[in-house]
Amino acid sequence: MSSSNLIKIIQPDDWHVHLRDGEMMEAVTQYSARINGRCIVMPNLEHPVTNRELGLKYLDKIHSLTLGQLFSPLLPCYLTDNLDLDDFRLALVENIFVGAKLYPNNVTTNSSYGVSHIEKIYPTFEILQNLKKPLLIHGEKVGENIDIFDREKVFIDEELVLIREKFPDLKIILEHVSSKYGADFVNDNENIAGTLTPQHLMLTKKDVFFDEYINPHHFCMPVVKDESDLLALRKYACSGHKKFFIGTDSAPHHIDFKIPNLNAKPGIFSSPCSIELYASIFEEENSLQNLEKFSSINGPNFYNMSINKNCIELIKESWKIPEFTIYKNLKIKNFMGGKEINWKIKK
Ligand code: NCD
Ligand code: ZN
């Protein structure tokens with residue numbers, strides 16, 4: 001339901017978010033739990049979540065931070081070159097892991113334990129396919145001769161097409177789709193869906209890359225691309241297309257890791273304002289009537305889960321996104337921090 005000043009939607013889910021560990025986790029988890037029924041929490045901790053025991057421990061920590069809230073964290077296993085397959089299978093059967101996450105080696109923050117040769121881990125895909133559990137993919141390939149803007153396309157052409165062919169029944173989520181090429185691939189193939197972040201719907205490479213430096217607060221992997229890509233992604237999102245849904249990829253880093261050069265860690269922290277940003281984007285595209293499909297319906301339908309029962313309301317009221325999130329010794333730049341935004345969660 002939506003009028004010009006009020007939007008009432010089924011409670012959203014965030015199908016890709018980084019809650020981290022330790023103090024950072026204490027600082028950021030509340031922002032995801034404030035609105036979402038479920039979150040897929042990424043396992044790329046400094047010591048990644050690669051087995052059942054680590055999975056249980058991590059879920060326990062999140063539960064203890066969200067006691068009394070209607071909030072369910074869902075955790076995919078971090079795939080490595082040498083997982084214990086029996087442990088992996090058991091944790092999937094027990095629903096400790098919702099599925100698995102493929103980070104190709106060294107493509108992004110905390111991916112140094114990621115997979116080096118994807119065909120070597122095909123046995124894990126076999127297990128996922130048999131158990132009808134999804135494979136979540138960071139779809140980029142790095143290499144000396146691969147331009148940073150082409151990583152998604154090269155991954156699709158050289159890896160994803162093969163995975164798709166070899167495991168036709170495996171449910172795949174291509175995460176944080178960043179290009180028209182990637183979104184069209186999702187559209188054109190069976191059993192695959194895509195998540196879309198606020199930043200890939202709002203920024204182009206001109207907002208990140210300058211002659212001598214980058215804007216570290218707009219730097220994430222995959223990097224944002226051209227206007228033609230942004231427009232294609234907006235079209236898929238705002239049409240309510242059933243294969244696309246929220247995955248904020250909210251990925252906090254302490255400000256010291258966000259120095260304006262290429263050593264800045266990739267990752268953008270958006271959870272203090274992500275649903276509000278999505279609402280603004282859908283409003284700009286005259287598509288507020290489709291926000292609920294994108295935020296709350298397409299995701300559970302693809303994951304074969306029930307749609308949340310509660311609703312949330314957004315009102316049209318201008319507010320300023322705080323510039324930083326500060327907690328104990330941590331200072332994190334908020335995405336769009338310091339900017340005015342038109343939509344606000346009604347408490
Ligand atoms: C993420 C992070 O910081 O963990 N960074 C990012 O740029 N998106 C990792 C990821 O999802 O790629
Ligand atoms: Zn991520």
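Everything below is about the structure printed above this text.
Residue positions are given per chain, counting from 1 as you read along its sequence in written order. Each chain gets a letter, beginning with A, and each ligand a number, beginning with 1, in the order they are written. It should be noted that, the model being predicted, local features are given only for residues of pLDDT at least 70 and side-chain atom pairs only at 80 or more, the latter also being counted only at that level, while totals for whole chains, interfaces and linings use all residues. Excluding hydrogens and water, the side-chain figures rest on all heavy atoms present in the structure.

Draft legend 1. Region of interest: the site of ligand 1. The nearness test applies per residue and asks whether one of its heavy atoms lies within 4 Å of the molecule or strand. Among the 15 residues in the neighbourhood of ligand 1, the closest are listed as Arg20, Asn44, Thr108, Met221 and Asp249. Throughout this description, a polar contact denotes any pair of N or O atoms lying within 3.5 Å of each other; where both atoms belong to protein, one of them has to be capable of donating a hydrogen while the other can accept it, and for residues adjacent in sequence the pair is counted only when both atoms sit in side chains. Arg20 is positioned such that a nitrogen or oxygen atom in its side chain is 2.8 Å from an oxygen atom of ligand 1. Here Thr108 contributes a side-chain N or O atom positioned 2.8 Å from an oxygen atom of ligand 1. The Shrake-Rupley method, run with a 1.4 Å probe, gives the accessible areas here. Residue values count only the displayed protein chains as cover. Protein chains bury 100% of the 310 Å² of accessible surface belonging to ligand 1 in isolation. As a working rule, the residues Ala, Val, Leu, Ile, Met, Phe, Trp, Tyr, Cys and Pro are called nonpolar, Asp, Glu, Lys and Arg charged, and the rest polar, with Gly in that last group. In terms of residue class, the shell around ligand 1 is built from four nonpolar, nine polar and two charged.

Draft legend 2. Highlighting the packing of helix α8 (residues 227–238) against helix α9 (residues 274–284). Across the interface, α8 lies against α9 with an axial gap of 10 Å and an inter-helix angle of 95°. As summarised for this structure, α8 and α9 are arranged roughly perpendicular, according to the angle between their axes. Note on element contacts: α9 touches α8 through Ile281, Phe282 and Glu284, opposite Arg234, Ala237 and Cys238. A class-by-class count of the residues in the contact of α8 with α9 yields four nonpolar, no polar and two charged. Every axis in this analysis is a line fitted to C-alpha atoms, fitted for helices over the stretch in contact. Angles between the N-to-C directions lie between 0 and 180 degrees. Numbering of helices and strands runs from the N terminus; a helix is a DSSP stretch of H or I covering at least four residues, while a strand is a stretch of E covering at least two. Angles below 35 degrees are treated as roughly parallel, those above 145 as roughly antiparallel, those between 65 and 115 as roughly perpendicular, and all remaining angles as oblique. Here, residues are in contact when the closest pair of their heavy atoms is within 4.5 Å.

Draft legend 3. Local environment of the sheet that holds strand β11 (residues 311–320). Reading across the sheet, the three strands line up as β1-β11-β14 and stay open at both edges, with antiparallel pairing between neighbours. If you trace the sheet from one side to the other, it starts and ends with β1 (6–10) and β14 (340–345), each paired once. Between one strand and the next, the sheet's axes are offset by a mean angle of 35°, whatever the strand orientation. Note on pairing: two strands pair once DSSP finds at least 2 bridges between them. When β1 meets β11, the two strands line up antiparallel, connected through five bridges. Along β11, the bridge assignment pairs Leu6 with Ile315.

Draft legend 4. How the structure looks around the packing of aromatic side chains. Working definition: rings of Phe, Tyr and Trp (its six-membered ring) pair if their centres are within 6.5 Å, and the pair is stacked with planes under 30 degrees apart, edge-to-face with planes over 60 apart, and tilted otherwise. Applying the stated rule across the entire model yields 15 aromatic pairs. Consider the rings of Phe245 and Phe302, whose centres lie 6.2 Å apart with planes at 35°: the pair is tilted. Of this pair, Phe245 sits in strand β10 (residues 244–246) while Phe302 sits in helix α10 (residues 291–303), placing them 57 residues apart in sequence. Comparing Phe245 with Phe302, the two get one shared label, buried. The rule is simple: take the accessible area with a 1.4 Å probe, protein chains only, and divide by the maximum for that residue type; under 20% is buried, over 50% is exposed, in between is partly exposed.

Draft legend 5. Representation of the sheet that holds strand β7 (residues 135–137) within the structure. The six strands are arranged β5-β6-β7-β8-β9-β10 in an open sheet whose pairing can be described as parallel. Strands with a single pairing partner mark the edges of an open sheet, and in this sheet they are β5 (76–78) and β10. Here the average twist between neighbouring strands, direction ignored, is 30°. With three bridges joining them, strand β8 (residues 172–174) and strand β9 (residues 192–196) adopt parallel strand pairing. Within the sheet, the bridge partner assigned to Ile173 lies in β9 and is Ala193. Along the sheet face, helix α6 (residues 180–188) touches β8, β9 and β10 and points at about 145° away from the line of β9. Contacts from α10 reach β7, β8, β9 and β10, with the element oriented near 115° to β10.

Draft legend 6. Looking closely at the nonpolar core. In plain words, nonpolar cores are sets of buried Ala, Val, Leu, Ile, Met, Phe, Trp, Tyr and Cys residues tied together by side-chain atoms within 4.5 Å. Ranked by internal contacts, the top residues of the largest apolar core, which has 74 residues, are Leu79, Leu102 and Phe125. Judged by nonpolar contacts, the second largest core, of 17 residues, contains Cys220, Cys273, Met336 and Ile341.

Draft legend 7. Focus on the coordination of the zinc ion (ligand 2). Listed donor atoms are N, O and S within 2.8 Å of the metal (Na, K and Ca: 3.2 Å). As water is not included, a site may look incomplete. Distances from the zinc ion (ligand 2) to its protein donors, His16 (NE2), His18 (NE2) and Asp249 (OD), fall within 2.0 Å. All donors to the zinc ion (ligand 2) come from one chain, and their sequence spacing reads H-x1-H-x230-D. Of this pair, His16 sits in strand β2 (residues 14–17) while Asp249 is found in the loop between β10 and α9, placing the two residues 233 residues apart along the sequence. A single burial state applies to His16 and to Asp249, both of which are buried.

Draft legend 8. Structural detail: the packing of helix α1 (residues 22–33) against helix α2 (residues 52–65). In the contact formed by α1 and α2, the axes pass within 10 Å of each other and the chain directions differ by 60°. Viewed along their axes, α1 and α2 adopt a mutual orientation that is oblique. As α1 packs across α2, the resulting crossing turns out to be right-handed. Here Met25, Glu26 and Thr29 of α1 come into contact with α2, specifically with Tyr58, Lys61, Ile62 and Leu65. Here the residues of the contact of α1 with α2 sort into four nonpolar, one polar and two charged. For any helix crossing, the convention is left-handed if the near helix is rotated counterclockwise from the far helix by under a right angle, and right-handed if that rotation is clockwise.

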